[in-house]
Amino acid sequence: MMKIWNRIREMKAEPTCLMMALLVIMMVSSGCGGGKSTPGGDDGTNVIQFADMWGGYGGDDGHFNSPHGIAVDSSGNVYVADRSNDRVQKFSSNGQHISTWGEFGDEYAVFNWPWGIAVDANGDVYVADRNNHRIQKFSSSGAYLTQWGTEGSGEGEFNHPCDVAVDSAGNVYVADTNNNRIQKFTSGDGVTYTYSAQWNGTAGSAGQLNLPIGLAVDSSGYIYVVENAGCRLQKFNTGGSYVTHWGEQGQAAGEFNLPHGVAVDSSGNVYVADCANSRIQKFSGNGTYLTQWGSYGGGAGQFYEPAYLAVDSSGNIFVTDLSSNRIQRFTQTKP
């Protein structure tokens, strides 16, 4: 709890996801947060099991300081936005460190709280550089390619973007968190990105957003958005039209408590990092609850604050355990 409180002080008055961590402390103390859940699970198709983990607190290669976004490329390499170290780290699928790039700053190829991260079909890496109010793009080896965005609320501007996703056509979607909207960008050359569309609004109506913090795109082009303050997930088509939503504040199956990241596997199943409930929940693409795993703690398969997650082509699930400063990997097998 002291660790959460220190991060609240670090963030000062910014109205983003972790600013609500004080509420988490209160809810945990009163039994309303950090709910226990059954480790593993069987949704009738797969059994999810803990496989391995890596990391630990620090600034050396392979260590983390509040890891957030995570993405996996087609070769199984894992990219982690190491937020408070202001860098990106690249690993093999079993956690062997490959490379690191970035440091604190506001010029190109440096970061101020890198938050969300995504990889496109070519292996290029996109980073939501949150406090610099921009998206940066790199090669898989960390070579700087381009960037776009400045602080503001106009088209192509951002206010603390927290996540980024790329579809199979190369369209880039950004969770423009404090502007309560999603922005879509297109590019013909992979260097210049042009504003294409947005959808937004505040409060709880369908299609409106309340601190969108997690983004994922499935193989059919549907976009899944996690609302941190809204405690729900909304599904949109590629043009931003509302399709459906599920979830509300709570601890029961299908409910959320300060959810963060979302990922979609090759079968269209949706995974949500239910942060303050210390668990991962799995749903079908239309929101049917399938299973969950995790509980509050520092052991294998437990979480203090599961923040973001990614699923590779083999169904391995990688989770950034924020307050444990580690990555956990889970496998899925037929029962």
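Please refer to the structure higher up on the page.
Residues numbered from 1 in each chain as written. Predicted model: local features only at pLDDT ≥ 70, side-chain atom pairs only at ≥ 80, totals over all residues. Heavy atoms only, no water.

Q: Whenever I open this one, the pairing of strand β3 (residues 78–82) confuses me. Can you help?
A: Consecutive side chains along a regular strand alternate between the two faces of the sheet. Of all five residues making up β3, five are buried, and the element is well covered by its neighbours. On β3, burial covers both faces: V78, V80 and D82 on one face and Y79 and A81 on the other are all buried. Of the strand pairs in this sheet, strand β2 (residues 67–72) and β3 are connected by four bridges, and their pairing is antiparallel. Bridge pairing in β3 places I70 opposite V80. Hairpin connection, β2 to β3: the antiparallel pair is bridged by five residues, and G76 has positive phi, about 90°. Taking the residues that link successive antiparallel strands as the turn, the β3-strand β4 (residues 87–91) hairpin has four residues, and the phi of D86 there is positive, at about 50°. (Buried < 20%, exposed > 50% of the residue type's maximum accessible area, 1.4 Å probe, protein only. Helix = DSSP H or I, 4+ residues; strand = E, 2+ residues; numbered from the N terminus. Pairing = 2+ DSSP bridges.)

Q: How should the nonpolar core be read in this particular structure?
A: The nonpolar side chains of a soluble globular protein tend to be buried with one another. If you look at the biggest cluster of nonpolar residues, it comprises 29 residues, and the most contacted ones within it are I70, V78, L233, V262, V270 and V272. At the level of secondary structure, the elements contributing two or more residues to this core comprise β2, β3, β14 (212–217), β15 (223–227), β18 (262–264), β19 (270–274) and β22 (306–311). Considering every element that reaches this core, the biggest residue donor is β22, with three residues. Not counting residues within four places of it along the chain, the set of residues in contact with L233 comprises Y224, V225, V226, T244, H245, W246, F256, V262, V270 and V272. (Core = buried A, V, L, I, M, F, W, Y, C linked by side-chain atoms within 4.5 Å. Contact = heavy atoms within 4.5 Å.)

Q: Explain the sheet that holds strand β5 (residues 97–101) here, please?
A: Strand pairing in a sheet relies on backbone hydrogen bonds. The paired strands run either parallel or antiparallel. Strand order in the open sheet made by the four strands is β2-β3-β4-β5, with antiparallel pairing throughout. Sheet topology places β2 and β5 at the edges, where each strand pairs with a single neighbour. Between one strand axis and the next, the sheet turns through 20° on average, direction left out of account. (Axes fitted to C-alpha atoms, helices over the stretch in contact; angles between N-to-C directions.)

Q: How should I be thinking about the packing of aromatic side chains in this particular structure?
A: The geometry of an aromatic ring pair comes down to the distance between the two centres and the angle between the two planes. Under the criterion given, the structure shown has 24 aromatic pairs. Ring geometry for W101 against F138: centres 5.8 Å apart, planes inclined by 45°, an arrangement best described as tilted. Separated by 37 residues along the polypeptide, W101 in strand β5 and F138 in strand β8 (residues 134–138) bring together distant segments of the chain. Each member of the pair, W101 as well as F138, carries the same accessibility label: buried. An angle of 40° between the planes, with centres 5.9 Å apart, marks the rings of W113 and W115 as tilted. Here W113 falls in the buried class, since its relative accessible area comes to 11%. Here W115 falls in the buried class, since its relative accessible area comes to 0%. Chaining the aromatic ring pairs together yields one cluster made of Y79, W101, Y108, F111, F138 and Y144. Lying over the aromatic face of Y222, K235 brings its terminal NZ or CZ to 4.5 Å of the ring centre. (Phe/Tyr/Trp six-rings, centres within 6.5 Å; stacked < 30°, edge-to-face > 60°. Lys NZ or Arg CZ within 6 Å of the ring centre and 35° of its normal.)

Q: Just to check I follow, could you spell out the pattern of salt bridges for this structure?
A: As a working rule, side chains carrying opposite charge can pair if their charged atoms are close by. Counted by the stated rule, this structure contains eight salt bridges. The partner of R329 in a salt bridge is D52, and the shortest N-O contact between them spans 3.1 Å. One end of the pair, R329, is in strand β24 (residues 326–333); the other, D52, is in strand β1 (residues 47–55), and 277 residues separate them in sequence. Note on accessibility: R329 and D52 belong to one class, buried. We note a salt bridge from D321 to R326, for which the minimum N-O separation is 3.0 Å. (Salt bridge = Lys/Arg side-chain N within 4 Å of Asp/Glu carboxyl O.)

Q: Teacher, can you tell me more about the environment of A216 here?
A: Position of A216 relative to the elements: it lies in strand β14. Note on A216: relative accessible area 7%, which makes it buried. For the pair A216 and V166, spaced 50 residues apart in the sequence, the C-alpha separation amounts to 8.0 Å. If we skip the residues at most four places from it in the chain, A216 touches A165, Y222, I223, Y224, V262, A263 and V264.

Q: Would you take a moment to explain the environment of K184 for this structure?
A: One can find K184 in strand β12 (residues 181–186). Residues K184 and Q198 lie 14 residues apart in sequence; the distance between their C-alpha atoms is 6.0 Å. Apart from residues lying up to four places away in sequence, K184 is in contact with N171, V172, Y173, T194, Y195, S196, A197 and T238.

Q: Help me out: how do you make sense of unusual backbone geometry in this one?
A: Note on backbone geometry: most residues besides glycine have negative phi, and most peptide bonds are trans. Unusually for a residue other than glycine, H160 sits at a positive phi of about 55°. The class of H160 is buried, set by a relative accessible area of 10%. One non-glycine residue, L211, lies in the positive phi region at around 55°. Tracing the backbone shows L211 in the loop between β13 (194–200) and β14. On the basis of relative accessible area, L211 is assigned to the buried category, the value being 11%.

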